[in-house]
Amino acid sequence: MSSSLIRALLLAVLAAVVAYPIGHFVVPWAGWTFFCASLGLQMVFHFKNFARLDRWSYAPVVDDSLEGEGAWDGIFGRLYRHEKDLRAQIAARDEEIRMLIAAGQALTDGVVLLDDHNQILFCNTTAEDQLGLVIRTDRGQPVVNMVRQPEFVAYLQGEDFSRPLTLRSERGEDRVLSIYVIPYAGNRRLMQVKDVTQTDRLDRMRRDFVANVSHELRTPLTVLAGFLETLQEIDVDRDEQKRFLEMMSEQSLRMQSIVQDLLTLSSIESAPPPEADVVDMVNIVDKLRRDAEALSAGRHQIVVESDGQGDLRGSEPELVSAFGNLVANAVRYTPPGGTVRILWHASKNGAEFAVQDTGIGIDAKHIPRLTERFYRIDRGRSRDAGGTGLGLAIVKHSLNRHQAQLEIKSTPGVGSRFAARFPASRVVGV
Ligand code: ADP
């Protein structure tokens, strides 16, 4: 029995103990009156406290409304402490939940919690962005009502989560998501959503690249193998043999230039940032003019327009290779009689190296893709001109490493202008 109850009973017993001698030694009714009056007073007191407790139980608060009197003091005290502990526990639990939600929000992967009917319980902002969910309104909704792509619905209903699902986003952006479903707490599910757009793109680029290289090398190899077989099996006269050997050498040179360009590209890609050597542009422009004249063999007019001042800071071999590719392309894609201009202009605000031709030009739709590896507008023409399809990829890469931009302007049948713009930080001597 609790001390509060013992205190209340003792008070009642005390009333009886005092009432008895009064009734026995004075008059009995006086004893009874005293006993009833003191019990009544005690009842009023208990009723008052009981009413207070009753009121409090409808809206429990932790304040001095829980300060009792007499025997009720202990009861109110214990309630006060219990309520206070409970509130502290709830606050601590709330804080833990807040921390868990914050951790879920901080994840770079999307997270969606589903109940046993695949209804959304929680999702973080990454998942909202990836799957187009809005947790405020979508909580409690079946996830398949929100993400309706048939492959997703089939995956979730198929109940085989041993492999992740690759989902291509249908919401405009070209996004690729990898979805893992992890069962937890009985039939509940945790959906982890990874954005694999970048790795998917790299994977595709790698596959395309291998396919392109194989394709590019297969053609000359087939030609070579064909000639070798013919030479081994058929007796051909000397002139024919000479012609075959010339064609074989042409094909092996072609393979050599492809491999050379691939090596150049890979060395640029893996090389550390370009050195800060000062590249003498007057010299280089002069060398480019001589190379263009040699390649053109008198079929074009080669013009140089240069201020004769300003040099570049960077890697000379990379810049020479980039500028050389632009000049070679201008000569190769300009019919005889045309003009190729090599332009160099440097100022305090930056510098521009440009090659302008009066050649066949390029249709606007091809321009954004020209710097892709092996992208060619006319495969046959490029091959006949000795191209590998890697020249502009090398140009773009080298320029990027020097913080320079490649600008291409062209009109079919009129000519093209390829300009490399360098920032002021790369220019010296102006
Ligand atoms: P390629 O080795 O085939 O020349 P590039 O990467 O250097 O490869 O160029 C890609 C394509 O861009 C070429 O195949 C060609 O169609 C086009 N091109 C490049 N430069 C010019 C130019 N000056 N005039 C017209 N077309 C050009």
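Counting restarts for each chain: residues are numbered from 1 in the order of the written sequence. Where local features are concerned, this predicted model is filtered to residues with pLDDT of at least 70; where side-chain atom pairs are given and counted, the filter is 80 or more; whole-chain, interface and lining totals use all residues. Just so you know, side-chain values use all the structure's heavy atoms and leave hydrogens and water out.

Identification of the chain as Phosphate regulon sensor protein PhoR from Candidatus Dechloromonas phosphorivorans is taken from an unreviewed UniProt entry. Turning to the chain, the UniProt record has this under Subcellular location (unreviewed entry): "Cell membrane". Entered under Function (unreviewed entry) in the UniProt record, the comment concerning the chain runs "Member of the two-component regulatory system PhoR/PhoB involved in the phosphate regulon genes expression. PhoR may function as a membrane-associated protein kinase that phosphorylates PhoB in response to environmental signals." UniProt positions are given in the numbering used here, feature names are shortened, and annotations may be inferred rather than shown by experiment.

Caption draft 1: Molecular detail of the overall build of the chain. Secondary structure elements are defined from DSSP: runs of H or I of at least 4 residues count as helices, runs of E of at least 2 residues count as strands, and each element is numbered from the N terminus. What the chain contains, in helices and strands, is 13 helices and 13 strands. Here the globule rule is a power law, 2.2 Å times the number of residues to the power 0.38, and the radius of gyration is based on C-alpha atoms. For a compact globule of 430 residues, the expected C-alpha radius of gyration is about 22 Å, and the chain comes in at 44 Å, more than 25% above that figure. When its C-alpha atoms are laid out on the principal axes, the chain stretches across 155 × 65 × 35 Å. Any two residues whose heavy atoms approach within 4.5 Å at even a single point are treated as in contact. Contacts in the chain between residues far apart in sequence, at least 24 positions, make up 57% of those at least 6 positions apart. Here the Shrake-Rupley method, with its probe set to 1.4 Å, supplies the accessible areas, and only the displayed protein chains count as covering residues. Accessible surface, the chain as shown: approximately 25,500 Å² in total, 57% of it carbon and sulfur. Between the centroid of the 50 positive side chains of the chain and the centroid of its 56 negative side chains there is a distance of 3 Å. For this count, His and the chain ends are skipped, Lys and Arg are scored as positive, and Asp and Glu as negative. Charge coordinates come from a single atom per side chain, which is NZ of Lys, CZ of Arg, CG of Asp or CD of Glu.

Caption draft 2: Representation of the UniProt feature "domain: Histidine kinase" (unreviewed entry) in the chain within the structure. Feature annotation in UniProt assigns "domain: Histidine kinase" (unreviewed entry) to the following positions: residues 212-426. In the segment residues 212-426, helix accounts for 49% and strand for 21%; the C-alpha atoms at its two ends are 35 Å apart.

Caption draft 3: Region of interest: the packing of aromatic side chains. Put simply, two rings from Phe, Tyr or Trp (the six-membered ring, in Trp's case) pair if the centres are within 6.5 Å, and we call them stacked under 30 degrees between planes, edge-to-face over 60, tilted for the rest. All told, the structure shown has seven aromatic pairs when counted by the stated rule. The interplanar angle of 25 degrees and the centroid separation of 4.0 Å between the aromatic rings of Phe-323 and Phe-353 together place this pair among those described as stacked. With Phe-323 in helix H11 (residues 316-332) and Phe-353 in strand E10 (residues 350-357), this pair connects stretches of sequence that are 30 residues apart. Each residue in the set Phe-323, Phe-353 and Phe-422 is aromatic and connected to the rest through ring pairs, giving one cluster. Charge-over-ring contacts are defined here by two conditions on Lys NZ or Arg CZ: a distance within 6 Å of the ring centre and an angle within 35 degrees of the ring normal. The side chain of Arg-373 reaches across the aromatic face of Phe-209, ending 5.4 Å from its centre.

Caption draft 4: Expanded view of the pattern of salt bridges. Between Lys or Arg on one side and Asp or Glu on the other, a salt bridge is scored when a side-chain nitrogen of the former is within 4 Å of a carboxyl oxygen of the latter. Taken as a whole, this structure holds 27 salt bridges when the rule is applied. The shortest N-O distance in the salt bridge between Glu-407 and Lys-409 comes to 3.7 Å. On the basis of relative accessible area, Glu-407 is assigned to the partly exposed category, the value being 23%. Each of the salt bridges in this network shares a partner with another, and the network as a whole consists of Glu-352, Glu-407, Lys-409, Arg-417 and Arg-421. Partly exposed describes any residue whose relative accessible area lies between the buried limit of under 20% and the exposed limit of over 50%, with all areas from a 1.4 Å probe on protein chains only and scaled to the type maximum.

Caption draft 5: Structural context of a nonpolar patch on the surface. Patch membership requires over 30% relative accessible area and the absence of a salt bridge. Like charges are linked within 9 Å, and nonpolar side chains (Val, Leu, Ile, Met, Phe, Trp, Tyr) within 5 Å. A surface patch of nonpolar side chains, amounting to about 320 Å² of accessible area, comprises Leu-11, Leu-14, Val-18 and Phe-34. Among the elements that take part in the nonpolar patch, helix H1 (residues 3-26) stands out by supplying three residues, more than any other. With respect to the secondary-structure elements, Leu-14 resides in helix H1.

Caption draft 6: Structural view of the pairing of E10. With seven of its eight residues buried, E10 lies for the most part within the structure. Relative to E10, strand E9 (residues 339-347) runs antiparallel, the two being bridged by eight bridges. In the strand pairing of E10, Ile-342 is matched with Val-355. Here E9 hands over to E10 after two residues, the two strands then running antiparallel side by side. Strand pairing is assigned whenever DSSP detects at least two bridges linking the two strands. With seven bridges connecting them, E10 and strand E12 (residues 415-423) associate as antiparallel partners. Considered in E12, the bridge of Ala-354 is made with Ala-419.

Caption draft 7: Looking closely at helix H10 (residues 281-296). For a helix, the expected span equals 1.5 Å multiplied by the residue count minus one. Here H10 spans 22 Å end to end across 16 residues, near enough to the 22 Å set by a 1.5 Å rise per residue. Elements that come into contact with the buried residues of H10 comprise strand E6 (277-279), strand E7 (301-306), strand E8 (311-314), H11, E9 and E10. Nitrogen and oxygen atoms within 3.5 Å of one another constitute a polar contact, given that in protein one can donate a hydrogen and the other can accept it, and given that sequence-neighbouring residues count only through two side-chain atoms. Capping the start of H10, Asp-280 holds a side-chain oxygen 3.1 Å from the backbone nitrogen of Val-282, two or three residues further along. Once H10 ends, the next one or two residues include Ala-297, with phi positive near 50 degrees.

Caption draft 8: Seen up close, the domain arrangement of the chain. An automatic or database domain assignment supplies the start and end points of every domain. When its domains are assigned, the chain resolves into domain 1 (3-99), domain 2 (107-195), domain 3 (201-270) and domain 4 (278-428). Scanning the region where domain 3 abuts domain 4 turns up two salt bridges. Here Arg-376 ties to Glu-216 by a salt bridge, and the two come within 2.2 Å at their closest N and O atoms. Counting across the domain 3 and domain 4 interface gives five residue pairs in polar contact (both at pLDDT 80 or more). Among the elements of the structure, helix H8 (197-233) and helix H9 (238-270) are those that each provide at least two residues to the side of domain 3 that touches domain 4. Ranked by the residues each element gives to the side of domain 3 that touches domain 4, the list is headed by H9, at nine residues.

Caption draft 9: Broad picture of the nonpolar core. In this structure, Met-281, Leu-312, Phe-323, Trp-344, Phe-353 and Phe-422 are the most contacted members of the largest nonpolar core, which totals 34 residues. Taken together, the elements giving at least two residues each to this core come down to H10, H11, E9, E10, helix H13 (391-401) and E12. Among buried residues, those of type Ala, Val, Leu, Ile, Met, Phe, Trp, Tyr and Cys that are joined through side-chain atoms within 4.5 Å constitute a nonpolar core. Counting 21 residues, the second-largest nonpolar core is a separate cluster that includes Val-112, Leu-165, Leu-177 and Val-181.

Caption draft 10: Spatial organisation of unusual backbone geometry. You will see that Ala-185, though not glycine, has its phi angle at about 40 degrees, which is positive. Mapping Ala-185 onto the fold places it in the loop between strand E4 (176-184) and strand E5 (188-195). The residue Ala-297 is not glycine, and still its phi comes out positive at about 50 degrees. Checked against the element boundaries, Ala-297 lands in the loop between H10 and E7.

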